[in-house]
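Geometric and topological summary
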Amino acid sequence: MGLTQFFGETHATTPMPHDLPKAYDPTAIEDHWAAYWVHENLFAQPTPTGEGGTEPFTILLPPPNVTGRLHMGHMLNQTEMDILTRWRRMSGRRALWLPGTDHAGIATQMMVERQLVSEGSSRQQLGREAFVERVWEWKRHYGGAILEQMKRLGASVDWQREYFTMDERLSVAVREAFVKLHEQGLIYRGAYIVNWCPRCQTAISDLEVVYDEHKGHLWEIRYPVVDDAGADTGEFLTVATTRPETMLGDVAVAIHPEDERYTHLHGKTLRLPLVNRTIPIILDEWVSRDFGTGAVKVTPAHDPNDFALGQRHDLPSINVMDETAHINAEGGAYAGLDRYVARKKVIADLEGLGLLAGVKDHTNNVGHCDRCKTVVEPRLSMQWFVKIQPLADKAIAAVKEGHIRFTPEMYAKTYFEWMNNIHDWCISRQLWWGHRIPAWHCAACRKITVARVDPTACAHCGSDRITQETDVLDTWFSSGLLPVSVFGWPNITPESRADFDAFYPTSLLVTGFDILFFWVARMIMLGCWFAADVPMPDGSPRALADSVPFKDVYIHALVRDANREKMSKTKGNVIDPIEIVKQYGTDAVRFTLASMASPGTDIAFNVARTEGYRAFANKIWNAARFIFMQMDRAKEVGIEIDAAALGAMPTVAGNAPLEARWIVAELHATAAKVNKSLEDYRYDDAANIIYQFFWGSFCDWYLEIVKLRLDFSDAADTAKTKAALTTLVGVFEAALRMLSPFMPFITEEIWHAIYDGKPPAKSIALMQYPKAGYGPELAPVLEHMAGVQFVISGIRTRRKELGVPENVKTPVKVVTWAGGFGGSVTAEKNSDILMKLSPASSIEFVPFADRDEGGRFSKLAWSAIGPTDVAVEYEAAIDVAAERERLTKDIAKYEKGLAAAARQLGNEGFIAKAPAHIVEGLKKQEAETRLLLEKAQAALSALPQTNSEG
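This report concerns the structure included in the present document. (Residues numbered from 1 in each chain as written. Predicted model: local features only at pLDDT ≥ 70, side-chain atom pairs only at ≥ 80, totals over all residues. Heavy atoms only, no water.)

Some words on the overall build of the protein
- Counting its regular elements, the protein contains 31 helices and 29 strands.
- Against the globule reference of 30 Å for 950 residues, the protein gives a C-alpha radius of gyration of 37 Å, more extended than a compact globule.
- C-alpha atoms of the protein, sized along the principal axes, occupy 125 × 65 × 55 Å.
- Relative to its full complement of 950 residues, the protein shows a buried share of 54%.
- Here the contacts in the protein between residues at least 6 apart in sequence split such that 77% fall between residues at least 24 apart. (Helix = DSSP H or I, 4+ residues; strand = E, 2+ residues; numbered from the N terminus. Rg over C-alpha atoms; globule rule 2.2 N^0.38 Å. Buried < 20%, exposed > 50% of the residue type's maximum accessible area, 1.4 Å probe, protein only. Contact = heavy atoms within 4.5 Å.)

Examining the state of the cysteines
- Evaluated as defined, the whole model comprises zero disulfides.
- No disulfide involves Cys-200; its sulfur sits 3.7 Å from that of Cys-197, the nearest cysteine.
- Residue class for Cys-200 comes out buried when judged on its relative accessible area of 5%.
- Among the cysteines around Cys-461, which has no disulfide bond, Cys-442 carries the closest sulfur, lying 3.6 Å off. (Disulfide = S-S within 2.5 Å.)

Brief notes about the packing of aromatic side chains
- Applying the stated criterion across every chain, the model contains 37 aromatic pairs.
- These aromatic residues form a ring-pair network of at least three members: Phe-591, Tyr-613, Phe-616, Tyr-691, Phe-693, Phe-694, Trp-695, Phe-698, Tyr-702, Phe-732 and Phe-742.
- Between Lys-400 and the ring centre of Phe-416, over which it is positioned, the NZ or CZ distance is 5.9 Å. (Phe/Tyr/Trp six-rings, centres within 6.5 Å; stacked < 30°, edge-to-face > 60°. Lys NZ or Arg CZ within 6 Å of the ring centre and 35° of its normal.)

A word on empty space enclosed by the protein
- All told, the structure shown has four cavities of 30 Å³ or more when counted by the stated rule.
- Counting residues per element, the ones that place at least two in the lining of the largest cavity are helix H3 (72-90) and helix H19 (586-595).
- For the lining of the largest cavity, the element with the highest residue contribution is H3, accounting for four residues.
- Looking at the lining of the largest cavity, its residues break down into four nonpolar, four polar and two charged. (1 Å grid on protein atoms, 1.4 Å probe; cavity = no way out; pocket = protein on both sides within 12 Å on 5 of 7 lines; lining within 4 Å. Points joined across faces, edges and corners; volume = space filled by probe spheres on them. Nonpolar A, V, L, I, M, F, W, Y, C, P; charged D, E, K, R; others polar.)

Examining the sheet that holds strand E18 (residues 439-442)
- A sheet is described by the order of its strands in space; here three strands give the open sequence E19-E18-E20, paired in antiparallel fashion. Of all the strands in the sheet, the pair left with one neighbour each is strand E19 (448-450) and strand E20 (466-468). Neighbour to neighbour, the strand axes of the sheet diverge by 30° on average, direction disregarded.
- In this structure, E18 lies alongside E19, joined through three bridges in antiparallel fashion. Bridge pairing in E19 links His-441 to Ile-448. (Pairing = 2+ DSSP bridges. Axes fitted to C-alpha atoms, helices over the stretch in contact; angles between N-to-C directions.)

What about the side chain of Ser-697?
- On the secondary structure map, Ser-697 appears in helix H22 (residues 683-706).
- With sequence-adjacent residues up to four places away left out, Ser-697 is seen in contact with Trp-662, Ile-663, Glu-666, Gln-692 and Tyr-702.

Quick notes on the sheet that holds strand E14 (residues 377-386)
- On the basis of which strands lie adjacent, the open sheet formed by four strands has the order E6-E5-E14-E16 and antiparallel pairing. In the strand order of this sheet, the two ends are held by strand E6 (202-204) and strand E16 (425-426), each with one partner.
- Here two bridges tie E14 to E16, and the two strands are oriented antiparallel to one another. Directly across from Phe-385, in E16, lies its bridge partner Cys-426.
- In the packing of helix H9 (residues 304-312) onto the sheet, contacts are made with strand E5 (187-197) and E14, and the angle to E5 comes to roughly 140°.

Points about the packing of helix H12 (residues 410-419) against helix H16 (residues 516-531)
- Packing of H12 against H16 leaves a shortest axis separation of 12 Å and a crossing angle of 80°. Taken as axis vectors, H12 and H16 run roughly perpendicular relative to one another. Contacts between H12 and H16 involve Tyr-411, Thr-414, Tyr-415, Trp-418 and Met-419 on the former and, on the latter, Leu-516, Phe-517, Ala-521, Ile-524 and Met-525.
- Here the contact of H12 with H16 is built from residues that sort into nine nonpolar, one polar and no charged. (Parallel < 35°, antiparallel > 145°, perpendicular 65-115°, else oblique.)

Quick word on a negative patch on the surface
- Together, Asp-19, Asp-632, Glu-636 and Asp-756 make up a region of like negative charge exposed at the surface.
- Of note, Glu-636 is situated in helix H20 (residues 607-636).
- Since its relative accessible area comes to 70%, Glu-636 is described here as exposed. (Patch = residues over 30% accessible without salt bridge, like charges linked within 9 Å, V, L, I, M, F, W, Y side chains within 5 Å. Areas by Shrake-Rupley, 256 points an atom, 1.4 Å probe, with all protein chains shown as cover. Salt bridge = Lys/Arg side-chain N within 4 Å of Asp/Glu carboxyl O. Lys, Arg positive; Asp, Glu negative; His and termini not counted. Charge placed at Lys NZ, Arg CZ, Asp CG, Glu CD.)

Comments concerning the pattern of salt bridges
- Inspection of the entire model under this criterion finds 47 salt bridges.
- For the salt bridge of Asp-284 with Arg-312, the shortest nitrogen-to-oxygen distance reads 3.1 Å. Here the residue Asp-284 occupies a position in the loop between strand E11 (277-283) and strand E12 (295-298), and Arg-312 occupies one in helix H9, the gap between them amounting to 28 residues.
- A salt bridge links Glu-885 to Lys-889; the shortest N-O distance between them is 3.5 Å. Of this pair, Glu-885 and Lys-889 both sit in helix H29 (residues 880-905), four residues apart, which is roughly one turn of the helix.
- By relative accessible area, which is 55% here, Lys-889 ends up exposed.

What follows is the structure in structure tokens.
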């Protein structure tokens, strides 16, 4: 199945140089680059690309079911993994992201069975061998759909290493794990109570049972007490049950030994109604005297607690239901009835015999099969189990000793709670599709042969009358082995040895909390157990720290709808990521998810935000077009950018214009913050920091200022123009590399265009990620530029207050009264920037004395903007009343703030308890507010009593 089946025709698989179309159209570029990345195998055989050396970064894709189609949870998971993998690769790590799919035993078998039913057939009619071949055929035709979707969405995985959990190589590992655990006495077979799904007709694990609250009933049934001869004594013992149909398999009734109501019944016998079998009354402290009647029917074949009771009291187990939850021959007259039909008949018959003592409403949790939603039946059956405690002990130690770290940390507590209360793992499933258990039953001696290679005879008696176990292994058994099996275990050849040494343990697992126990815990248990047998490269034994399957586990939250409701088909609020991608582009959807991905916080996906990030991509596109226009103009006058100067972090001379020094400093500061945020899995912070840099610092400020320096006239200073253009292109190229892991498609397209189709690498994804080269020395230039921006913002605010049209330039007077942000010196040196961005027809810097009452500018209407006073001269009527109203509101706001500060600073209890920096901050804020109040009061006093010309 190709990319065209999901997104239409793809473009050629080689990048084309450059002219960017006027309009940004993601569909015009994304198919092309997705196909190019796959065709060029860009992410295969990873090699270092930067200063970070060859330290590996390995990440395993949680294998989607072979039946799956991409949903928003997948897209979040894959976006987070792709961002980290691309970032690590660009940071110089030997990054490897392994893709694959899971054979998904129950889900896939159900899918194919539904096809057969539609054809008027069934798996039983086909037979096992033909059915399994039919599933393989289905897998070949439809099983790769979700991976094709991943390719189209640009996942930077190593497609040459793609696996399927039933591949021959992985099947060898599964069989070896089973045989080895069996040899170690950790796999056993026995009859135990399991969760049985009558629809799937297989046992399922505790984790695959979903409990829903259900309003049902508690039936009270009278069991006749009989004497030693079996005759009724006329006395009854009343029991309470929520499942009266299972009474057909009762073998006893249990009471608490200290329950005074029933002491006279110790050692007595009962007659089981409807079946007329005599059963004993047993004593057990497990019985709750407060629930129901305090007497509990014991049905060991249909309840786990009853099974334990039966084991303690050596009671028989009578199974009264078949695989489809119909009553079997043990149920006598009820044989052949569905469990719920049998329930109604049992109740009716009891009532007819006068043995139904009462019915009460009762709410309880009913278990359902997570796959098909059928009510699960606790059922005694012969199954295979892993004796889990020895594996669990290692897995607990791995996290407790810090070899594995959970983010968010709260999931470590959840992990320990489950692991410390773990039960033996039922690993057999009554399916045909899956890894068949490598055990053979001998008809001669009744013993079992477990073997790595299919045997021809019984290992115990030599008979050839052996048949293989019909059950298959739980899907999670094979997927739990993935971290070791994908790197060659157990057949560690020289080639796979290099892989194992280089990439195991993997660096990180990114997954959802819903499979923390299904998959994560089992990988930890199996990885720690089996990797320990693989020596270290120097031949020394492998310690626990090197046996863990991964070092970090990042648990992402749910993607919900815009109202924070969980998505479900019944609610009709499911968002199809493919449709959203078609509408807004992959980059916009990725950026939306990243910008909202904070550890431990669910994402309320809102299409409005995706529209906003589509506009963000458009902003970058237009910035690129502007820059390319300047490059073309420069080329016409003989100015060309040295391509060799690109690809690294830009630097700038100390005597360069303020905006050049500032944007380079801002880029370095932004790079430091983004790298730190990604280290901490703060995708949201990283995305928002990049957004603010690109949209705010670069586009809104720097691009506007740099137009002052891009002079291509004959009288221009060529050296200054070239320096400005070099900084512009260099910063833009580095910013594209910084954005690339988040928005890989648009950055790839523009980056290739910068180099006119002759880039220094096949992809921006193989370039170096921006890394801060400056430190504290950035502070002064950032502060100076902040001062200039503050003044410009003040002028713009004052113009808006006065109603100055945007296209009208006005004279401006400025006082920087506190020396803040570099003082008036910085502002005066950059008056050209102030004039362009205000916009102003002239800028005059007024001495502070002239601003005061009596000065020659005291009649102007001044506006307090932080540590700056601004006056805008506008030859139009000023609404004095409106100005008086504005200042009056400001004064009220400042007075309210001062009153609040006075209350807090006057509270001795608060002052004694609050941290020193909080108190100092409040005092500073109070002083600033008081100054602003005084300035506003002075401005109000200076206003004329009637409207006048400004």
